[in-house]
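# A look at the structure
The lines below spell out each chain.
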2 protein chains.
Amino acid sequence: MKLNQFARQPRTVAQEIQELQTIKFIPSNWSKWQPNQALEKLLIKSFPEVIADCVFEKLTNLAATTKQNAAQYCQNDSVSATAFYNLYFQLLGFQPEQDFSLAEPQKIKASLTYPQFEHTILTTADLIHGWYQLLIARTTNGQTFLDELTARGYFQALVEDPQTPRPLIFNGKAQAVFDTRKLIHEVVYVESDQDSDHDGQRDLLKAEIIRPAESNSLPVPALYTASPYNQGTNDRLGSQLTHNVNVPLTVKKTQSQTVAGNPVQLTQAPARPDPQSNQAPQESFGASFNYRLNDYFLARGFAVVYAAGIGTKDSQGLRTCGDPEETRSTTAIIEWLDQKRRAFTSPQVQHTTTASWCNQHIAMTGRSYLGTLAIAAATTGVSGLKTIISEAAISSWYDYYREHGLVVAPGGFPGEDSDVLAVETYSQQQNYGQYLKVKKTWHQQLQSLTHGQERSTGNYTDFWEHRNYRHQLEQVQADIIMVHGLNDWNVKPKQVYKLWQRLQSLPITTKLILHQGPHIYINNFRSLDFPEMMNLWLTYKLYDCDNQAAQILPTVLIQDNVQTETWHQQDSWPQNPQQTKSYTFQHHGLQDDGQVSISEIEQFQDQLPPAKFQFYTHNLKQWEKDLSQVKASPLEKNRLLYQSQPLKQDLILDGRPEVRLRVASNQNLGLISVRLLDYGHYQRLGSLPQTLKTQAYDLGYHYQTEDLKEYQLNPQATEYQLITLGHLNLQNRQELTRVDPVEAGKFYDLSLLLQPTHYHLTPGHKLVLIVYATDFAMTIRGNQNLNYQIDLAHSQLILPYY
Amino acid sequence: MKLNQFARQPRTVAQEIQELQTIKFIPSNWSKWQPNQALEKLLIKSFPEVIADCVFEKLTNLAATTKQNAAQYCQNDSVSATAFYNLYFQLLGFQPEQDFSLAEPQKIKASLTYPQFEHTILTTADLIHGWYQLLIARTTNGQTFLDELTARGYFQALVEDPQTPRPLIFNGKAQAVFDTRKLIHEVVYVESDQDSDHDGQRDLLKAEIIRPAESNSLPVPALYTASPYNQGTNDRLGSQLTHNVNVPLTVKKTQSQTVAGNPVQLTQAPARPDPQSNQAPQESFGASFNYRLNDYFLARGFAVVYAAGIGTKDSQGLRTCGDPEETRSTTAIIEWLDQKRRAFTSPQVQHTTTASWCNQHIAMTGRSYLGTLAIAAATTGVSGLKTIISEAAISSWYDYYREHGLVVAPGGFPGEDSDVLAVETYSQQQNYGQYLKVKKTWHQQLQSLTHGQERSTGNYTDFWEHRNYRHQLEQVQADIIMVHGLNDWNVKPKQVYKLWQRLQSLPITTKLILHQGPHIYINNFRSLDFPEMMNLWLTYKLYDCDNQAAQILPTVLIQDNVQTETWHQQDSWPQNPQQTKSYTFQHHGLQDDGQVSISEIEQFQDQLPPAKFQFYTHNLKQWEKDLSQVKASPLEKNRLLYQSQPLKQDLILDGRPEVRLRVASNQNLGLISVRLLDYGHYQRLGSLPQTLKTQAYDLGYHYQTEDLKEYQLNPQATEYQLITLGHLNLQNRQELTRVDPVEAGKFYDLSLLLQPTHYHLTPGHKLVLIVYATDFAMTIRGNQNLNYQIDLAHSQLILPYY
């Protein structure tokens, strides 16, 4: 077991003592204690659930040595380091004689941090230091011991004491001294500038607030999650609109520039008249979907705000899927929190209401579309937004629904497009009484999305330029933490890679966490102290606490794909952008010895017999398996496959692989897809984290819980794993924004940049590169009579590595 | 969508009005309202989250007709049934123009209950009746509309009002008027009679109590969940002790009776001296695993008690896995709740503490081992235990770890046995300071379990007789609700079938729910109102409320395996015990036309080549797939397979299938396994319910949530599904408790009763019976040179059906 911790703040002994006194773990006269007295008192404090004189019995539950329990041991004259470690490990959840031996505890079979002492017989000061280190150490349940004590009631006395300093900072992180039994739930209607549904009125946007009651007297920061999903979704309507992907690839109009450069027109409306008065909110709310990381922070003195944006239930306006209007509706909420915009108590607009409980320090959180809107908001430079934590977020919608001039779906969602997602999230329709009024406008809006996204070409047009947040980065003021799964084929890694790259030149702090998951949250992994990292960060950014978070947190943190529970730090991604390795193509082979490629033309056909084609359209997993099957694949004629020799040493791919091909199509159009596989019969990480223990991760005291999860090795060896992939329209071979003609039979040179990666290959593994055309899981599927030739002598694979 | 409801209490209009007044939904002067006024007032009450005069705006969100929203509609003179239905369906979460048309709402494309009216223009009384029906109807989120309003804050005013009647009953069910923000968490140590760890002291047993603060003045019932897991488990130690199942079947000693009939010896100890005084509990607790059904009841005026029993962390005694000592430790908690036994505030036994908050009405809840202990407790007839809800429970431990004289593992756990489970649940060891004292005694206990379970024979001995709760049923006083998965191959359906059968002669009420799941909870299915059924039941049993629960709840309720969201009621299980259908064996065929079997001997061998054998031991799913593959199976020589003609009409198997075989082994021992499959390329229900919506099922107001789930059809057709199976040791062919010799080559007649089932086969499906020996997933795996012959003329399959 590896209990990694990246959010520990280094403290001097004096600071440790000060902090222990602040949380009332030790009194001011601790130095009068004898070591055995100190041990007893520290142990007793570690059983906060026992509310009277019965606590001594709890000490008998711990073994101090092979002979004595802790209660007996505290009667001795001295305290040994060995006994301390025995207690330390037991309190963290390790089992004597299974995880460690009571005789030699430091030989513990687990990776974790524990204090080192100069003496074998400990002083009272040693014990105090040791206990501070214990409180900030992670238990086998993946939370700090202090957080475990919190879940067992440690802070209840402080919660109920109005004199408790709030926030209460321990080791740089805000502690759970806010009363989660008294959370206030409020709804307000923020008035934006714009009138996106063209009814002559500014859009009103509903925001749901959850905040500690303590914020009535002490303003707190706000964590704002903009979630277009959280007022409901129209799943059936979305399915109905989902596009047929079994359509042919067509010849596009030749164009030297597909972006016209027209600006977005926002519809403005005059402000409403001044209302009668300012009031407290008049509406509450009950059931809602809560991001558990937000819940964790509610207990620690942060408010949480959920808003779904224009066109969602109880909000006005229309869904636009990623354009500046949506961004404006997202930042309107921040402006209200920052006290620079009005909100009303109801859509009747009779009373305004202010966020007087907010300290004007705001962060945004959330994954996928939620994280996307955090990026959108950050690119406006809106005041008050101090930082965002964007998880698995889109930084350009073109890269979500298109690739290199092709319609390429997010993995798992063939036929989805911006209009489909707009319908899915148009929960305003669920207020059918309101919808009766706006129906016609909405249908026009939808048609304009369907038209604008231009599925017929896949071109990068103004429509997509307006949905590319990376072109407004110079305005960013907020510091940005990015989290992304290296196996996220829904929101693909290019989204975070390009964002990360372009943010590096800005005078802001950026951090990046890359995990081995697909499109998931990572706030409940045992091997990573993600909530504590975010706590250190948000305590720094939103409570202005000088805790050195920017220095302490790793710049780039990457989960290893070979070793479980292992996270590496890097200075950047890629670590060595210049270092690459080239492979030339042989017949079925990949050579990395600098040998010249052989002079050979190889070819594959794209078309499948109709029955086979139909089968694969309904069995995407089988298609993927057949495509990736190295020997005797049913798709052997429909791909070219190049296999390297087994690796003789470790190879860490790090960055964006490139495939250069000289290719010809038998028609005046074509598309090329490429997959790079890690090949060989080996045990690999599972594709999803396993639940280690349900409800084991406590977010506070008698409050919410999370299941504890961790990536484990698959019990069985697998044949291969996808490392990365890419797709390209031959008509866009020169540039994304340029459409060139293709002549049948003529060879063209192209460079295809694959999705960026970080992938560790150990000796024995092989690299396999597959060149094919129709990607059943992602591209359109015309099943056209297309044949492709590859000139091996002029093709190569270029891998960034270290 | 089918929103089935089995917990609706029929009420007269007068009763409905009375109840609506009790929950303050309507005032006493309601009859003065004009219909449009009534509609407006009822609608306004349906938006409890709006706490001031802004509520009217909410009415604009609902469409009353194709032209008017509800706010506008309330200005009309009259109220039509059509408008009522439009509002009714919208409030339940259905979408206009998708699920139903505003013009003709009653053509709604969903199955649910809604009120019928005599008029097309409604009276105020009609509307009141309609709204009562709305409140008890289930929404598309799978809870009643009143429970949805609860989650949105409806009951908060009543929660805070000390005058509110408690419990507050609506439609026979207790409502959420207890304050979940003020739950009390307490720990007590119950003193049992026995001294199972032989230290001269009576065992003290820790119990964790969660109860509404209101119970301080108003005693409430207790839901008690006895969970040996909830103080932690020793997973690694369990794995280490797991038995090797790759061991040969051996010849047993011939015995006419394997049960000796010796009684269990319980070790008693004298009571401790009288303590100083009686006190309130002095210990609380934080983190714990909570069964969400219990949480639901906490909000509704029931206390919840968790206890893990002898040998678990913080409790004394030793784990025994199912014997009377464990049962005694389970009932000790009930006796304390019933105020017939002492508990102490701590293991220091200085103060007793009483359950004065408990109304001495106790139920037990929980699944698997938890439900098992509920059965165990019920069989003692312990006073105070009014009912149990036992889910997926073991009624005889022999049937969990053995079958017909063979070691047969629970599916998924080969090599597990009573000693392994004892170690797994011996969480006392995690208090290593305590464990140091009891280590030796524990090792003796463990050895005695390993010896007593007698894996070498698989015989039914005293050890198992003492762990068969079905032999003490005559003592049962509690009414029993049983829940079981028809695809539960862990705790197999025989456990509930035999219990159900034998309970029928007792003067108690029994109910049975059979679902299509494996070993799962069913408290969050959209298609079944399980929480409300249990609420009706427990309100009746524990609050002595005369709500006709015993008459209203179906006796037997069975989920259909063909139609999604469909539950059938039966009077018993099986419905027609006498009605059976016989199939004779042909070469590869099953005949049901009364034709005589052909005179043929068929044979199969059990042994596999070592590599193949090794492969299957590590790939149980592949083994199962290969065994069940009708054509060209790699295991063709290792089984006999008999396939019926495609069914011409529906066939519902209902009860316990029997296979009669005339069989010979080539050695003086042998085992026979049988699987019955539903065969054919069809869409079937998924093996697990799908999550429809996370956190969607609210258990109270700003409280806990559950994910909403439902069984859906697999997107792809599958080839087969397992219906039932069985295993038998040839030496136990005559009787379970008798061991007969087997002569090599000699034919014996045997009858093998398979696991009971309820299985719906539609026309076109075939039945497939597979006869084989080693079951890689369940039996021991000797890979011996065994060959079996079956005499087809004297073999048949007998199916109970209707």
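Small disclaimer: the values here were computed from a predicted structure and weren't measured.

## Topic: the overall build of chain A
Broken down by element type, chain A carries 21 helices and 32 strands. Over its C-alpha trace chain A gives a radius of gyration of 29 Å, about what one expects of a compact globule, namely 28 Å for 802 residues. With the principal axes as the frame, chain A shows a C-alpha extent of 90 × 75 × 45 Å. Counting across all 802 residues of chain A, residues that qualify as buried make up 65%.

## Observations concerning the interface of chain A and chain B
Counting residues at the interface gives 65 residues for chain A, matched by 65 residues for chain B. Taken together, both faces of the contact between chain A and chain B bury some 5200 Å²; the carbon and sulfur share is 45%. Among the residues chain A hides against chain B, the three largest losses belong to Gln98, Tyr432 and Gln695 of chain A. Together they make up 12% of the total. Across the chain A-chain B interface, the total number found is six salt bridges. Here Lys58 of chain B ties to Glu283 of chain A by a salt bridge, and the two come within 2.8 Å at their closest N and O atoms. The interface formed by chain A and chain B includes 27 residue pairs in polar contact (both at pLDDT 80 or more). Top contributing element to the side of chain A that touches chain B by residue count: helix 15 (residues 432-453) of chain A, with four residues. Residue composition of the side of chain A that touches chain B, grouped by class: 20 nonpolar, 31 polar and 14 charged.

## With respect to the nonpolar core
Residues Leu337 and Trp357 of chain A together with Trp357 of chain B are the most contacted members of the largest nonpolar core, which totals 380 residues. The contact partners of Leu337 of chain A, leaving out residues within four places of it in the chain, are Ala222, Tyr224, Val305, Ala355, Trp357, Cys358, Gln360 and Ile362 of chain A.

## A word on the packing of aromatic side chains
Tallied over the full model, the rule gives 81 aromatic pairs over all chains. On the numbers, 5.8 Å between centres and 70° between planes, the contact of Phe525 of chain A with Tyr711 of chain A is edge-to-face. Residue Phe525 of chain A is found in the loop between strand 15 (510-515) and helix 18 (530-542), and its partner Tyr711 of chain A is found in the loop between strand 26 (705-710) and strand 27 (718-729); the two are separated by 186 residues along the sequence. Feature note: the residues Phe84, Tyr85, Tyr88, Phe89, Phe94, Phe100, Tyr114, Phe117 and Trp131 of chain A constitute an aromatic cluster, connected by ring pairs. In this structure, Arg166 of chain B packs its charged tip against the face of Phe178 of chain B, placed 5.8 Å from the ring centre. The ring of Tyr748 of chain B carries the charged tip of Arg733 of chain B above its face, separated from the ring centre by 3.8 Å.

## With respect to the pairing of strand 18 (residues 580-586) of chain A
One ladder, built from five bridges, connects strand 18 of chain A with strand 32 (residues 796-800) of chain A; its direction is antiparallel. Within strand 32 of chain A, the position partnered with Thr584 of chain A by the bridge is Gln796 of chain A.

## Points about helix 6 (residues 124-136) of chain A
Residue and element names in this part refer to chain A. Helix length check: helix 6 (13 residues) gives 19 Å between terminal C-alpha atoms against 18 Å at 1.5 Å per residue, within 8%. In terms of burial, helix 6 is a largely internal element, twelve of the 13 residues being buried. By the burial criterion, the buried members of helix 6 are Thr124, Asp126, Leu127, Ile128, His129, Gly130, Trp131, Tyr132, Gln133, Leu134, Leu135 and Ile136. Close packing links the buried residues of helix 6 with helix 1 (13-22), helix 2 (35-45), helix 5 (81-91), helix 7 (145-151) and strand 1 (169-170).

## Looking at the relation of the copies chain A and chain B
Rotating chain A by 180° and moving it 0.0 Å along the rotation axis overlays it on chain B with an RMSD of 0.0 Å. The superposition operator between the copies reduces to a two-fold rotation axis. Among all residues of chain A, the minimum C-alpha distance to the rotation axis is found for Arg181 of chain A, at 2.6 Å. A shared binding surface is used by both copies, with 100% of the interface residues of chain A retained as interface residues in chain B.

## Description of unusual backbone geometry
Among all residues except glycine, the phi angle is most often negative; among peptide bonds, the trans geometry is most common. Residues and elements named next belong to chain A. That bond from Arg166 to Pro167 is cis: its omega, 0°, falls within 30 degrees of zero. The topology assignment puts Pro167 in the loop between helix 8 (156-160) and strand 1. The phi torsion at Ser368 lies on the positive side, around 65°, for a residue other than glycine. With respect to the secondary-structure elements, Ser368 resides in the loop between strand 10 (358-364) and helix 12 (369-378). Assessed through its relative accessible area of 11%, Ser368 is described here as buried.

## Some remarks on helix 2 of chain A
Residues and elements named next belong to chain A. Listed as buried for helix 2 are Pro35, Asn36, Ala38, Leu39, Leu42 and Leu43. For helix 2, the arc enclosing every buried residue in end-on projection is 155°, short of the 170-degree limit, so these residues lie on one face. Against the buried residues of helix 2 lie helix 3 (56-59), helix 4 (70-73), helix 5 and helix 6.

## Re the environment of Asn785 of chain B
Residue and element names in this part refer to chain B. Its location among the elements puts Asn785 in the loop between strand 30 (766-772) and strand 31 (787-791). The class for Asn785 is partly exposed, based on a relative accessible area of 44%. Sequence separation between Asn785 and His484 is 301 residues, and the spatial gap between their C-alpha atoms is 38 Å. Not counting residues up to four positions away in its chain, the partners in contact with Asn785 are Gln607, Asn666 and Gln667.

## Considerations on the state of the cysteines
In total, this model carries zero disulfides over all chains according to the counting rule given. Left without a disulfide partner, Cys545 of chain A is nearest to the cysteine sulfur of Cys358 of chain A, which lies 18 Å away.

## Re the environment of Val251 of chain A
Residues and elements named next belong to chain A. One can find Val251 in the loop between helix 9 (235-241) and strand 6 (277-278). When its relative accessible area of 46% is taken as the criterion, Val251 is described as partly exposed. Measuring from C-alpha to C-alpha, the distance between Val251 and Gln156 comes to 69 Å, with 95 residues separating the pair along the chain. Beyond its immediate chain neighbours, meaning those up to four positions away, Val251 contacts Asn668, Leu669 and Gln731.

## Examining the domain arrangement of chain A
Residues and elements named next belong to chain A. By domain assignment, chain A separates into domain 1 (13-170), domain 2 (180-247 + 262-475) and domain 3 (580-800). Between domain 1 and domain 2, the C-alpha centre-to-centre distance is 46 Å. Between domain 1 and domain 2, the residue contacts involve four residues of the former and five residues of the latter. For the domain 1 and domain 2 pair, buried surface summed over both sides reaches about 400 Å², with 41% attributable to carbon and sulfur atoms. Our enumeration of links across domain 1 and domain 2 arrives at two salt bridges. Applying the counting criterion to the domain 1 and domain 2 interface returns two residue pairs in polar contact (both at pLDDT 80 or more). Residue composition of the side of domain 1 that touches domain 2, grouped by class: no nonpolar, one polar and three charged.

## Some details on the pairing of strand 22 (residues 651-655) of chain A
All names here are of chain A. For strand 22, the buried fraction is high: five of the five residues fall into the buried class. Pairing geometry for strand 22 and strand 29 (residues 757-761), over five bridges, is antiparallel. Among the inter-strand pairings, Leu653 is bridged to a residue of strand 29, identified as Tyr759.

## What about the pattern of salt bridges?
When the charged atoms of two side chains with opposite charge come close together, those side chains can pair. Inspection of every chain in the model, using the stated rule, returns 77 salt bridges over all chains. Where Arg152 of chain A meets Glu148 of chain A, a salt bridge forms, and the shortest distance between an N and an O atom there is 2.8 Å. If you follow the salt bridges from partner to partner, you end up with Lys58 of chain A together with Lys206, Glu208, Glu283 and Asp314 of chain B in one network.

## Description of the side chain of Glu57 of chain A
With respect to the element layout, Glu57 of chain A can be found in helix 3. As a buried residue without a salt bridge, Glu57 of chain A has its nearest oppositely charged side chain in Lys437 of chain B, at a separation of 6.3 Å. When neighbours within four sequence positions are excluded, Glu57 of chain A is seen to be in contact with Pro347, Gln348 and Gln434 of chain B.

## Considerations on the packing of helix 20 (residues 610-618) of chain A against helix 21 (residues 620-628) of chain A
Residues and elements named next belong to chain A. Packing of helix 20 against helix 21 brings their axes to within 5 Å, and their N-to-C directions diverge by 115°. Taken together, helix 20 and helix 21 sit at an angle that is classed as roughly perpendicular. Residues Phe615, Tyr616, Thr617 and His618 of helix 20 form the contact with helix 21, whose participating residues are Leu620, Gln622, Trp623 and Asp626. Taken together, the residues of the contact of helix 20 with helix 21 sort by class into four nonpolar, three polar and one charged.

## Side note on the side chain of His515 of chain A
All names here are of chain A. Here His515 lies in strand 15. The exposure class of His515 is buried, given its relative accessible area of 1%. A polar contact is formed between the side chain of His515 and the backbone nitrogen of Gly517, at a distance of 2.9 Å. In contact with His515, other than residues within four places in its own chain, are Val483, His484, Gly485, Leu486, Ile520, Ile522, Gln559 and Trp567.

## Topic: the packing of helix 2 (residues 35-45) of chain B against helix 6 (residues 124-136) of chain B
All names here are of chain B. Between helix 2 and helix 6, the least distance of the axes is 8 Å, while the angle of their chain directions is 20°. Judged on the interaxial angle alone, helix 6 and helix 2 are roughly parallel. Regarding helix 2 and helix 6, the two cross each other, and that crossing is right-handed. Across the interface between the two elements, Pro35, Ala38, Leu39, Leu42 and Leu43 of helix 2 pack against Thr124, Leu127, Ile128 and Trp131 of helix 6. Of the residues assigned to the contact of helix 2 with helix 6, the class counts are eight nonpolar, one polar and no charged.

What counts, and where the lines are drawn
Residues numbered from 1 in each chain as written. Chains lettered and ligands numbered in written order. Predicted model: local features only at pLDDT ≥ 70, side-chain atom pairs only at ≥ 80, totals over all residues. Heavy atoms only, no water. Helix = DSSP H or I, 4+ residues; strand = E, 2+ residues; numbered from the N terminus. Rg over C-alpha atoms; globule rule 2.2 N^0.38 Å. Buried < 20%, exposed > 50% of the residue type's maximum accessible area, 1.4 Å probe, protein only. Contact = heavy atoms within 4.5 Å. Buried area = accessible area lost by both parts, 1.4 Å probe. Salt bridge = Lys/Arg side-chain N within 4 Å of Asp/Glu carboxyl O. Polar contact = N/O pair within 3.5 Å; in protein donor to acceptor, adjacent residues only side chain to side chain. Nonpolar A, V, L, I, M, F, W, Y, C, P; charged D, E, K, R; others polar. Core = buried A, V, L, I, M, F, W, Y, C linked by side-chain atoms within 4.5 Å. Phe/Tyr/Trp six-rings, centres within 6.5 Å; stacked < 30°, edge-to-face > 60°. Lys NZ or Arg CZ within 6 Å of the ring centre and 35° of its normal. Pairing = 2+ DSSP bridges. Expected span 1.5 Å × (residues − 1). Least-squares fit on C-alpha atoms with pLDDT ≥ 70 in both. Arc of directions from axis to C-beta. Disulfide = S-S within 2.5 Å. Domains from an automatic or database assignment. Lys, Arg positive; Asp, Glu negative; His and termini not counted. Axes fitted to C-alpha atoms, helices over the stretch in contact; angles between N-to-C directions. Parallel < 35°, antiparallel > 145°, perpendicular 65-115°, else oblique. Left-handed = near helix turned anticlockwise from the far one by under 90°.

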